[in-house]
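Chains, contacts and geometry: an overview
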Protein chains: 2
Amino acid sequence: MTETALANLQNLYRIFTVPEAPDSTLGAVDQAISENVADFLQKHIVALERSLEDIENDFSASKIPEEPSFVSAYAEFVKQKLVAQSVHTAAPGFIGHMTSALPYFMLPLSRIMTALNQNLVKVETSKAFTPMERQVLAMLHHLIYHQDDSFYSRWIHASQHALGAFCSGGTIANTTALWVARNQLCGPDGTFAGIAREGLFKALQHLDYNGLAVLVSRRAHYSLGKAVDLLGIGRDNLVLVDTDADSRIDMRALKSAYLKLQHQNIRPLALVGIAGTTETGHIDPLEELADFAAEIGCHFHVDAAWGGPTLFSKTHSPLLKGIERADSVTIDAHKQLYVPMGAGMVLFKDPHALSAIEHHANYILRHGSKDLGSHTLEGSRPGMAMLVHAGLSIIGRKGYELLIDLGIEKGRQFARLINAHSNFELITAPELNILTYRFNPAWLQKKMGQLDQQQLPQVNQLLDLITQEVQKRQREAGKTFVSRTRLRSAHYHGEQISVFRAVLANPLTTEAILAAVLEEQCAIVKETEVQNFIEEIKQLVA
Amino acid sequence: MTETALANLQNLYRIFTVPEAPDSTLGAVDQAISENVADFLQKHIVALERSLEDIENDFSASKIPEEPSFVSAYAEFVKQKLVAQSVHTAAPGFIGHMTSALPYFMLPLSRIMTALNQNLVKVETSKAFTPMERQVLAMLHHLIYHQDDSFYSRWIHASQHALGAFCSGGTIANTTALWVARNQLCGPDGTFAGIAREGLFKALQHLDYNGLAVLVSRRAHYSLGKAVDLLGIGRDNLVLVDTDADSRIDMRALKSAYLKLQHQNIRPLALVGIAGTTETGHIDPLEELADFAAEIGCHFHVDAAWGGPTLFSKTHSPLLKGIERADSVTIDAHKQLYVPMGAGMVLFKDPHALSAIEHHANYILRHGSKDLGSHTLEGSRPGMAMLVHAGLSIIGRKGYELLIDLGIEKGRQFARLINAHSNFELITAPELNILTYRFNPAWLQKKMGQLDQQQLPQVNQLLDLITQEVQKRQREAGKTFVSRTRLRSAHYHGEQISVFRAVLANPLTTEAILAAVLEEQCAIVKETEVQNFIEEIKQLVA
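These notes cover the structure that comes with them. Residue indices begin from 1 for each chain and proceed along its sequence in written order. In the order they appear in the text, chains get letters beginning with A and ligands get numbers beginning with 1. Restriction of local features to residues with pLDDT of at least 70 applies here, the model being predicted, together with a cutoff of 80 or more for giving and counting side-chain atom pairs; totals for whole chains, interfaces and linings are based on all residues. Only hydrogens and water are set aside; all other atoms, that is, all heavy atoms of the structure, feed into the side-chain values.

Considering the pattern of salt bridges
All names here are of chain A.
- Any carboxyl oxygen of Asp or Glu that lies within 4 Å of a side-chain nitrogen of Lys or Arg is treated as forming a salt bridge with it. For the structure on display, the rule yields 65 salt bridges over all chains.
- For the salt bridge of Glu 529 with Arg 473, the shortest nitrogen-to-oxygen distance reads 3.5 Å. Note that Glu 529 is positioned in helix 20 (residues 528-541) and Arg 473 in helix 18 (residues 455-477), a separation of 56 residues in sequence.
- Categorising residues by exposure relies on relative accessible area from a 1.4 Å probe, with only protein chains included: less than 20% of the type maximum marks a residue as buried, more than 50% marks it as exposed, and the intermediate range marks it as partly exposed. Owing to a relative accessible area of 40%, Glu 529 belongs among the partly exposed residues under this scheme.
- The structure contains a network of salt bridges with shared partners spanning Glu 287, Asp 291, Lys 321, Glu 324 and Arg 325. Helix and strand assignments come from DSSP, with helices taken as H or I runs of at least 4 residues and strands as E runs of at least 2, each series counted from the N terminus.

A closer look at the state of the cysteines
Residue and element names in this part refer to chain B.
- We call a pair of cysteine sulfur atoms a disulfide when they lie within 2.5 Å. Using the criterion set out here, one finds zero disulfides over all chains in the structure.
- Its sulfur unpaired, Cys 186 is 12 Å from the next cysteine sulfur, which belongs to Cys 298.
- With a relative accessible area of 10%, Cys 298 lands in the buried category.

A closer look at the packing of aromatic side chains
- Classification of ring pairs rests on two measures: the distance between centres of Phe, Tyr or Trp rings, Trp counted by its six-membered ring, which must be within 6.5 Å, and the angle between planes, read as stacked under 30 degrees, edge-to-face over 60 and tilted in between. This structure, assessed with the given rule, holds 25 aromatic pairs over all chains.
- Judged by centre distance (5.5 Å) and plane angle (80 degrees), the rings of Phe 414 of chain B and Tyr 437 of chain B are edge-to-face. Separated by 23 residues along the polypeptide, Phe 414 of chain B in helix 16 (residues 396-420) and Tyr 437 of chain B in strand 9 (residues 434-439) bring together distant segments of the chain. An identical accessibility class is assigned to Phe 414 of chain B and Tyr 437 of chain B; each is buried.
- In textbook terms, an aromatic cluster arises when at least three aromatic residues are bridged by ring pairs, as seen for Phe 414, Phe 424, Tyr 437, Phe 439 and Phe 500 of chain A.

Observations concerning the relation of the copies chain B and chain A
- For the least-squares superposition of copies, only C-alpha atoms count, and only for residues with pLDDT at least 70 in both. In screw terms, the move from chain B to chain A is a rotation of 180 degrees and a rise of 0.0 Å along the axis, fitting with an RMSD of 0.0 Å. Both copies of the chain, as the preceding transformation shows, are related through a two-fold rotation axis.
- It only takes one pair of heavy atoms within 4.5 Å for two residues to be counted as in contact. Taken as a fraction of all interface residues of chain B, those also at the interface in chain A reach 100%, which identifies the copy contact as same-surface.

Section: the interface of chain B and chain A
- Tallying the contact residues gives 172 residues for chain B and 172 residues for chain A.
- Buried area: the sum, over both parts, of the accessible surface (1.4 Å probe) that disappears when the two are put together. Buried area between chain B and chain A, summed over both chains or domains, comes out near 15300 Å², and the portion from carbon and sulfur atoms is 64%.
- For the chain B face of the interface with chain A, the top three residues by lost area are Phe 16, Lys 127 and Phe 201 of chain B, together amounting to 6%.
- Here chain B is connected to chain A by 16 salt bridges.
- Side-chain atoms alone can form a polar contact between residues adjacent in sequence; in general such a contact is a pair of N or O atoms within 3.5 Å, and within protein one must be able to donate a hydrogen while the other accepts it. In this assembly, chain B and chain A are joined by 78 residue pairs in polar contact (both at pLDDT 80 or more).
- If you tally residues by element for the side of chain B that touches chain A, the top one is helix 6 (residues 106-116) of chain B, at nine residues.
- Three residue categories are used. Nonpolar comprises Ala, Val, Leu, Ile, Met, Phe, Trp, Tyr, Cys and Pro, charged comprises Asp, Glu, Lys and Arg, and polar comprises the others, including Gly. Of the residues that constitute the side of chain B that touches chain A, the class distribution is 84 nonpolar, 52 polar and 36 charged.

Shown next, in the form of structure tokens:
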């Protein structure tokens, strides 16, 4: 071995065996995060936004570096180029997304998880993590379905069964639910070996349908579109049903959509209710949906990725009445369970449901093993369930209840601020902790009712430009943040309008911060580029 | 507000605002991991295995606790019930799985990632993390396809395109590849709007096929079975082609399988080559597969989840010759890129390929945005790409080359030890760093050739029981670990036999440890329960 080769080898062993010194760059960053993460983020994330094109220059080399580099040099790079230019998702003034501040204990526990580097696909690489994840699934199952003790003691650790599947997020959860629903509907039958084996083409030939469909309101999360594409159902067969004035699925429209499918000989595979729509936070009438699903005999799935944890609250859980009748429910842990990114779950009422997608291999997931991987869409997975376990144990039901109640109260508080402010217009009131609104000057609001059929869309288009411009400038300034979306507004005859979207899930957000968000938006409106749009409106309605 | 409610509220704010004290239980664990993770794992993971049923008792409550609990109490629980009973995946004597020790810097960097809690689905919650992930994909793309600089400067940050998709692991990567292949094959055509919109049933009617199929060798990872189920293709249409004596796909068998499909009017959707099979680490003849895929005009995917990083090695990369002709390639980062669990990638040769599964929404992933989520199967995702970026930057190509070369050399070293030991039988020699073997006493090995058609399967069945029993006992003792699988052995006329499986990817595994693994297995064989099987064999062949 040459001297260089030997030196390289020694360096290689070093990175696997010698810890970072506490006074190294990386050690110091690590220590700073341990001591006070909020302070670290505040200090190191640069508020003012560099343009994305500018940032891209730091990440433009396409070749893997030939030579190793020092950890300290890389740590400097991370500080200056990555951390500094990341988004301060935990900031209490960032009320535009579904990622909140994390409880402190999540960080050291995450490190334990990473250090242990378990792989939950099988018991052999996860041991106690397997029953722990099964317990987490049982606890969430109980939160939704509240079966009795004998039910859980029978199923919680049963090798051939699963009360749900832990996964990387709501998209995989929703996909898993529809996959199960599809495979159950098209299961083995006589000479037909089932869709899992023979595929969708033969399944529809066997069942003599022209297609399968999924019914859901227009407010559906876009993951359902991906899921029906992936599952071979086709996006045209994701039937997006109109909503009522309160963003909830319109039951009459649903029934007529169903009749239309019947007429086309297309079989509804699943009816999906939403408990907390991504854009407005509204909850579908789950009880009525459960009735209808029972009536037409199809799988009832509830996408409660956002709103599921409302079940913690004695005051607000009645909003989700009927969820206990769902065949499957999606809940995201990285949203309102306050767990770091990358944790979702789908729960199934029937412990046998996941058998529809069961799979085995020769080296793991053998028949009779308790390997979690035999019932999950994903394969190798980290021990994220540990952080859910920690949250449920440390925060407890009452703690989560408090978080939910606070968020909903804060939503109402923000709605009051918006309503009290003459230049803002509340578009969707918060049923949970999400609301939408827009800037609309007082004088214009008074006139909106009198605009004719030509003027109204033109005015709304200019207001859209204002919303888009204000949202962009506010984001770039980096002090506070709301997101934006486009909604059909019942108030404006179903016209699509652009709105600010606020998500009130960070317990550190105060009323003063909410007021400041509005203040900043008013200040941005005064800037020339935005004023130009206002002038245009003035001319239009003059 | 009552006094209790106020106290609860204050406690709630505390967990979001007050860091763990360094002298708290959790703080102390955190510190210990920072200082010396190897030492921490060694001390806290209890080697001797408690039975799973016993461990389950600690995770059997199915109700979410009503009351919050102290972080310190929970930290104690984690130490005693979770950490102590986890699997020491980083131990150099644990050579049965694909999870290795991690370089030290991965831990503090993981903490930075968790603390920042970015969501890579969109730029608004990930800013610099978006170009960083695109760079990682470009670097891996370059490793495989080595296009020129102008190619990468054109595509690396192009908003409507993607060189690949980062995901939670190889299963999602393989599924994404086949999803793209399916949607490209069944794309829009005349009045047919494409499978993404109209679904698989209408696609096959339009194309006038009886089905779609995926061709791959019998050594395929089980994720491909899940993928064809999910995609509506059906598991029966995953055509598992026989392998040659070296565990590589048999090209003649492949061609005859193809002819059979043609006869049935089933269209091959994709041909999959494996670069490092999960069970034996062998590499398919990728060049020949590329030729054949071109000949029959179908998508060529390479599952290089395990073996992809072999491309780092100047010595061994020729084994993967032909991979640069693949339409798509899967590489897992949590395997041979030494990144913590939960990181995989799929790369596409053509920057337009992922358009086949592109999707948009109103509030994110808008047309023209650079949001990564418009081309991924998953939705919200953590910033794991940062750890790949760190590995590539700090370890560099040469460092990874050393790791790959060391692993392959260690595989050969272990094969030599097995061959030199009269009581072990090497079943599959290592092409990369994976091999399989079994205990087979010297006297029996000599006789195996003379056994008749009845005796041979009976002896093999008894040897299987020995393999299974030894593997289980070794795992339970907790000092060292190999896994096991079942393989068709060319040497035994295609009979399925149970084998030990060793994966030599941990740079800290020494020759002495490998010798100790064999020693321990010999010692276990001497235990009565195993000796009984040996007695049975003796009687059988006497």
